[in-house]
Structures are given as structure tokens and as C-alpha cells.
Amino acid sequence: MSVFTAAADQSLCAPLPVLGKDVTVPLVTGGEVAYAALDYAASAPALQRVWDDVAAYAPYYGSVHRGAGYLSQLSTDLFENSRATVAEFLGCRADDQVVFTRSTTDSLNLLAAVVPADCQVFVYETEHHASLLPWRDARVTCLNAPRTPAQAVETLERALADREPYGPALVCVTGASNVTGELWPVKELAAAAHAHGARIVLDAAQLAPHHPVDIAELDVDWVAFSGHKLYAPFGSGVLAGRADWLQQAEPYLAGGGASRKVARRADGGVDVEWHSTAARHEAGSPNVIGVYSIASACKALTEAGFDGLVAREQHLVSTVRAGLAGIPEVKVLSLFGDDAPRVGVISFVVEGWNSSHFAAALSAEYGIGVRDGLFCAHPLVRTLLGSDPQEVGECGAPEAGPGEGSLNAIRVSFGAGTPDEHIERFVRAVKELVSKGARWKYRTEDGRCVPDRGAGQR
């Protein structure tokens, strides 16, 4: 099955158990309600399975690669077995390396630090800032937002064909947009990049939690993703792929663990021989528990079966899109159109509403957690909202008061742990807010729209 095709013919699976599913939150109008966590694109709740695995290991925690004691040896085995698990999850090739980092952002900054000095980087304006901003020491070509997957490939092919002088090049592209949820034609983009002698890195932060990602099948050179979006609770990430640039560059961080041999020179300097393995870019004591949590999440998703997970998520996507389509005041943001395949990430604006005000009302009056702003993808959101993509954006509530329009948007996102009730409540809440308005008064405080406790109900 293609990574970009929903498994609509599969039977729907039940939501996977996640932490926080029974948490209740107070409503400004009185009482409590079960919290509907619909901000998965920022950080997904940890799977209960992952939390249980980490809790079982925690008493045996020890420093890796450095100790002769039993717990150190056990932890070292667990750490390296986790590397093998992630490699299998990503379909890594035999000579690929899996480097553990802090996040997708850290992974892409690591790759930016090892690209050849004369490398030219091609990146779309539609990227998350983690993909758009790290390439400060390279020659960067920013490509305009395409309006179809085919146009994305054509735009890249033209840019690569026009590059002068001919030298090392890297294409950076997302697998699934963190704003629209739309899936990008990664395999076709990889073919275009390689046809012109360029390499490609896939930002899979929003793709990996929702679809299988196979490096060999997609024929990408590197994949980056974060544990905290893959239902793992700790700050770890992954950069996996070709080893040559990683082996040829100076370590991302210099320190213990990255070095094989260190010796004093007669002139007072220091000679260092660096590791050629993934350890070269993993200096310092690693986040063993974070790494193990990623591996546990990889196993849990694989065992649950992506076909069933994708089918159920597409059911939720259809429910949200159908509900929003019935509200004339709501505009769903999209690059590729209504028929484009997508994951459970949907952004929209509501006519006559400040987006921060709308998100605040969803939280305070319905117990629904969404996100508002520019989603660390300022040029893309500006383009989708009809503003100048070169305009400097700012996250958070603008100076406009509640009820006034804004150039921010609202994002609802969900995944393997989302129950139907949360989606149904969200659609119902949007309809009620649009038709009846908020039941409470709100004000802007420290850049956020919040209930005005002193003013009370409207």
C-alpha cells in the first residue's frame, strides 16, 4: 500500500490508549468536562504502552557506553537495540545511520551543520521553520508554494535545472504539512532531486505518526522526526539516512562519546580521532529514556497496524471536514484542494472572529484544546490567508480585540488516540460558536485571549 493512500477499505480500529484520556478540566461556565486534546500536531499524548515500558525500565536506568556495571550494560543494550528498532521502523538501508537528537529541529540543524561548504539548499516556503531556517551557512533557494503536487515537482525540477554552478545540492521537504495536513509527493520529489544530482531530506515530523515511512521505498537520503509527535513523552528525535556527509563532517557537538582517541600534543594542543559511527554526533550522555520511548512508540504503532490506524484517522478527517463544510463562515486552508490526501491536521479561519478568541472559547466553554496562530510556518499561513508571504509574522494573539479579524488561523489535529466523541464535540462547538457566539466575555492578556473572569457571561 502506498504511503500516500488512505486504507479506506480496512476496518476501523479502536483508539489507542493514551495518557490523559480521563483528565477533566473546568469550564468557565461551570462544571467540568473530559478534556478533548486536539493539538496532536504540536505534541501528541504519550501512548499508555510507551509510558508503561518506560516505567518498567526506569529502575534499571544507567549511563550507557561507559560503565562495566550490570545496569550500564543493560542500558547500553537497550539504547542500541532502540537504534535498531527505529532503523527497522523507517526501513533504513544497510549502510544508513540512525542518529538520536533532541527533536526534528535538532535533527535538521545537525544536517545543516554537516552539508558541504558549497552546498545549495532548495526548500519550499511552505515548510515548518524547523525545515526552513537551519540552512544559514548554505546557499538557499526558497521555492514558491505550489498549488498541486505536480506543480511541486515541476517547480523543483526547474529550480534544479537552473542552478549554477553545478555542485552539491540538498532538497528539504515535508511529508505532511503541519498547517494543512496535506501529503506531499515525496517519492516523486526524491526522483526529481536525484535526477539532477541532488540529495533530499524528508521532514517526517507530521508524517511518521500517521503513516508508515520507508526510507528505501521513498528513496530519500535522510528522514527527520520527533518523539513527542510520535506518542513518546520525552525530548528525543531522530536523523536517519546516508552516513557519508555525517562521517566526513566535524561532530555536531564536541565532547565525550563522540571521540575515539584524544591525546596531548607537544605544543600544548590536542589531537582527536572522532568516531565514524552515529556516536560521532551524539556527544555527551544521551537521553536513554527518551530514545527508548521512541523505540517503544515505533513498536506500538507497528503492532497496532498502520492500515487500521490510517483508516480510522481518515474517518475522523472526513467527519471534521464534512462538519466544517456545512458552516459557510468557516474557510478551511488548503494548498492542493479538497481532494488532496491528508493526515489529521486541519487549519481554518472563521469569518468575523479573531482566531485566538475562537480557540480560547473552544477551551474555556467546551474543554477542547486546539492551537491558533501561524504554527511556526509563517510564510505558508500568510500565503494561505492571502497576505504577503514576505511579511514578518508573529505568533499569538494580535492587538486586535476578541471578535475582530486577524491574520492568524485555528488548527485542529488528532491521531491514534482520539475518540469519536472529541471530534463530534469539536464540530458541534464550532457550529454553536458561529451561530450563537461565545457565552463569555474575553480579553487579551500577555498575548493570549483569555476569559474575563471579572466580566462574566455575555
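As a reminder, the structure under discussion sits directly above these lines.
Note that the coordinates shown come from a computational prediction; the quantities given were computed from them, not determined experimentally.

1. Things to note about the nonpolar core
Grouped together as the largest cluster of nonpolar side chains are 84 residues, with contacts concentrated most on Leu90 and Phe225. Broken down by element, the residue count for this core peaks at nine residues, all from helix 9 (residues 288–304). If sequence neighbours within four positions are ignored, Phe225 has contacts with Val86, Leu90, Ser103, Thr104, Ser107, Ala204, Ala205, Ala208, Leu230, Gly237, Val238 and Ile294. With 36 residues, the next largest nonpolar core counts Leu316, Ala360, Ile410 and Leu433 among its residues.

2. Some details on the sheet that holds strand 8 (residues 199–203)
Spatial strand order, 4-10-9-8-7-5-6: seven strands in an open sheet with mixed pairing. With one partner strand each, in any of the chains shown, strand 4 (97–101) and strand 6 (139–143) form the two edges of the open sheet. Averaged over all pairs of adjacent strands, the angle between their axes in this sheet comes to 20 degrees, without regard to strand direction. Bridge count between strand 9 (residues 222–226) and strand 10 (residues 237–241): five bridges; the pairing is antiparallel. Bridge pairing in strand 10 places Trp222 opposite Gly241. On top of the sheet, helix 2 (residues 70–89) reaches strand 4, strand 9 and strand 10; it is set at about 115 degrees to strand 4, its chief contact. Helix-sheet contacts for helix 5 (residues 149–162) involve strand 5 (120–124), strand 6 and strand 7 (169–174), and the interaxial angle to strand 5 is about 160 degrees.

3. Topic: the packing of aromatic side chains
Between two aromatic rings, the relevant description is the distance of the centres plus the angle of the planes. Under the definition given, this model contains 12 aromatic pairs. Between Tyr40 and Tyr231, the aromatic rings sit 6.0 Å apart at their centres with planes inclined by 70 degrees, giving edge-to-face as the arrangement. Here Tyr40 is found in the loop between strand 3 (36–37) and helix 1 (48–57), whereas its partner Tyr231 is found in the loop between strand 9 and strand 10, with 191 residues between them in sequence. Each member of the aromatic cluster is reached from another via a ring pair, and the members are Phe348, Trp353, Phe358 and Phe426.

4. Section: the environment of Asn354
Positionally, Asn354 belongs in the loop between strand 14 (345–350) and helix 11 (355–366). Owing to a relative accessible area of 2%, Asn354 belongs among the buried residues under this scheme. In sequence terms Asn354 and Asp39 are 315 residues apart; their C-alpha atoms lie 19 Å from each other. In terms of polar contacts, Asn354 uses its side chain to reach the backbone amide nitrogen of Ser356, at 2.8 Å.

Analysis parameters
Residues numbered from 1 in each chain as written. Predicted model: local features only at pLDDT ≥ 70, side-chain atom pairs only at ≥ 80, totals over all residues. Heavy atoms only, no water. Core = buried A, V, L, I, M, F, W, Y, C linked by side-chain atoms within 4.5 Å. Buried < 20%, exposed > 50% of the residue type's maximum accessible area, 1.4 Å probe, protein only. Helix = DSSP H or I, 4+ residues; strand = E, 2+ residues; numbered from the N terminus. Contact = heavy atoms within 4.5 Å. Pairing = 2+ DSSP bridges. Axes fitted to C-alpha atoms, helices over the stretch in contact; angles between N-to-C directions. Phe/Tyr/Trp six-rings, centres within 6.5 Å; stacked < 30°, edge-to-face > 60°. Polar contact = N/O pair within 3.5 Å; in protein donor to acceptor, adjacent residues only side chain to side chain.

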